[in-house]
Amino acid sequence: MIPDFDVIVVGAGIEGSACAYTLAKNGQKVLLLEQFPLPHSRGSSHGQSRITRYAYTQDYYTHMMLDSYPLWDTLAQETGVQLFKQCGLLNLGYENGEFLDSVSFAMGRHGMPFQSLSSEEVKRRYPMLNYPPSYAAIFDPNAGSLRADKALAAFHTMFKKYGGVLHDGEPVKVITPGQPLVTVTTTKGHYRGKKVVVATGPWSGKFLEHLGMTLPLQPFCSTAFYWRERKEGTHAPDNFPCVYDNGEGDWRSQVYGLPSDEYPGFVKMALHLGPKVDPDARDDADNKWVRDTMTRYVRDHLPGLEPSVAIAEACIFTTTPDYNPVIDCHPKHSNIIIAVGFSGHGFKLAPAVGKAVTEMVLNKPLSYNMAHFAVSRFTHTPSHL
Ligand SMILES: Cc1cc2nc3c(=O)[nH]c(=O)nc-3n(C[C@H](O)[C@H](O)[C@H](O)COP(=O)(O)OP(=O)(O)OC[C@H]3O[C@@H](n4cnc5c(N)ncnc54)[C@H](O)[C@@H]3O)c2cc1C
């Protein structure tokens with residue numbers, strides 16, 4: 001039997017698109033299938049911006065980020081589109097607390113530059129922030145903002161330039177496992193591929209069931225709120241970095257922000273939490289408590305912003321119990337690879353995910369420690385049968 005494609009990728013969010021692009025760039029004949037017309041705003045990868053940084057407290061992510069940075073750069077050069085704005089990241093937390101200690105330890109271990117700032121130094125350098133004296137910060141100068149929508153479009157542009165075939169508005173209904181070929185049935189037809197990559201984001205829990213997999217994947221609705229500056233330009237990337245507030249375990253450990261950039265005069269400050277959601281009924285989710293919580297937060301800690309929501313953009317992220325994604329072969333069908341459950345921090349990692357999945361598809365030695373992403377941690381069955 002002759003395959004239609006070497007690889008069929010299901011899902012054209014940032015992860016599936018990064019995989020499809022990297023596979024096509026490595027000479028594979030690739031079909032990328034997306035259920036909705038592109039661009040769309042119903043999954044996890046839309047919007048103007050995402051925070052990126054090298055340093056994770058887990059080394060296995062830092063190793064991926066050491067690749068992701070130059071790979072984002074390559075994509076920007078290939079397309080001639082600026083995808084990254086380096087404005088730094090201010091990690092906020094209790095002075096000498098576990099969080100700031102773990103960030104400085106991780107950055108020091110990898111020889112990355114950082115600055116420890118006392119409460120007074122934070123106040124002097126960022127007069128637009130108001131935190132209690134018990135708060136200190138670590139500034140990561142290499143971090144910044146990825147232009148999310150532009151990044152996704154850049155992957156699609158280059159994927160097609162490398163010979164990839166992209167069908168949007170074509171939902172995949174069924175994947176029929178087989179050796180040597182897997183059959184993918186959509187609303188428009190059947191395609192056969194030697195390998196299939198499933199990167200279906202918030203729909204993965206439901207979608208994978210027909211392949212006999214029940215993974216603990218929970219989609220949440222997280223809304224990006226924008227707040228109007230009282231004086232335009234006071235929170236621009238030149239004087240205001242990305243921020244991440246870790247309240248040492250309380251709800252603030254999920255507050256993040258980005259400078260006024262994409263919408264001049266408006267600053268994104270949001271809670272990386274939200275109600276559980278069915279991805280097909282996202283806007284039914286009640287997020288009033290998130291809006292109220294963030295309104296109080298902005299009023300208390302960002303006096304240069306008007307404390308009422310100006311713009312709200314809903315998005316979904318999909319968590320696993322350990323907040324690590326699943327990037328692995330299907331336990332029974334080794335020619336089906338799963339890349340799901342990026343737990344709200346997968347955007348920055350996408351180029352490295354594309355590299356890892358390409359290595360899996362091509363049976364090459366793996367560049368990263370993938371043990372943390374194994375299916376078997378949830379199914380207790382060997383991941384490579
Ligand atoms: C508000 C918010 C803020 C975030 N901030 C950050 C951040 O600062 N830094 C960071 O690194 N990450 C961040 N993230 C996380 C990051 O955006 C996600 O981890 C990433 O976008 C996940 O991408 P994905 O490709 O897995 O999912 P998606 O983008 O949802 O892609 C999955 C795609 O599969 C398609 N699909 C599903 N089922 C089918 C089917 N049957 N047939 C065909 N197509 C199908 C869907 O339509 C969708 O397009 C944030 C997420 C949110 C929601």
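Up top you'll find the structure we're talking about.
S.K.: Summarise unusual backbone geometry; cite the residues concerned and give the values.
M.R.: Along the chain, Leu38 connects to Pro39 via a cis peptide bond; the corresponding omega equals -5°. Mapped onto the elements of the fold, Pro39 is located in the loop between β2 (30-33) and β3 (49-52). Here Gln179 and Pro180 are connected by a cis peptide whose omega angle stands at 5°. Within the chain, Asn96 stands out as a residue other than glycine whose phi angle is a positive 60°. Here Asn96 shows up in the loop between β5 (89-94) and α3 (98-109). Accessibility expressed as a relative area gives 67% for Asn96, which makes it exposed. A positive phi angle is found at Asn363, which is not glycine, with a value near 50°. Following the sequence through the fold, Asn363 ends up in the loop between α8 (350-361) and α9 (376-379). Among the residues examined, Asn363 registers a relative accessible area of 65% and is labelled exposed.

S.K.: Requested: an account of the site of the ligand, with residues and values cited.
M.R.: Taken together, 35 residues sit near the ligand, with Glu34, His40, Ser45, Ile51 and Cys315 positioned nearest. Ile14 has a polar backbone atom sitting 3.3 Å from an oxygen atom of the ligand. With respect to the ligand, the backbone of Ser44 contributes an N or O atom lying 3.0 Å from an oxygen atom. Secondary-structure elements contributing two or more residues to the shell around the ligand are α1 (14-25), β3 and β17 (305-319). Considering only residue class, the shell around the ligand consists of 17 nonpolar, 14 polar and 4 charged. Composition of the shell around the ligand by domain shows at least three residues from each of domain 1 (5-48 + 149-216 + 321-379) and domain 2 (89-141 + 218-319).

Reading the values: the criteria
Residues numbered from 1 in each chain as written. Predicted model: local features only at pLDDT ≥ 70, side-chain atom pairs only at ≥ 80, totals over all residues. Heavy atoms only, no water. Helix = DSSP H or I, 4+ residues; strand = E, 2+ residues; numbered from the N terminus. Buried < 20%, exposed > 50% of the residue type's maximum accessible area, 1.4 Å probe, protein only. Near = heavy atom within 4 Å. Polar contact = N/O pair within 3.5 Å; in protein donor to acceptor, adjacent residues only side chain to side chain. Nonpolar A, V, L, I, M, F, W, Y, C, P; charged D, E, K, R; others polar. Domains from an automatic or database assignment.

All we've got here are geometric facts, nothing functional implied.
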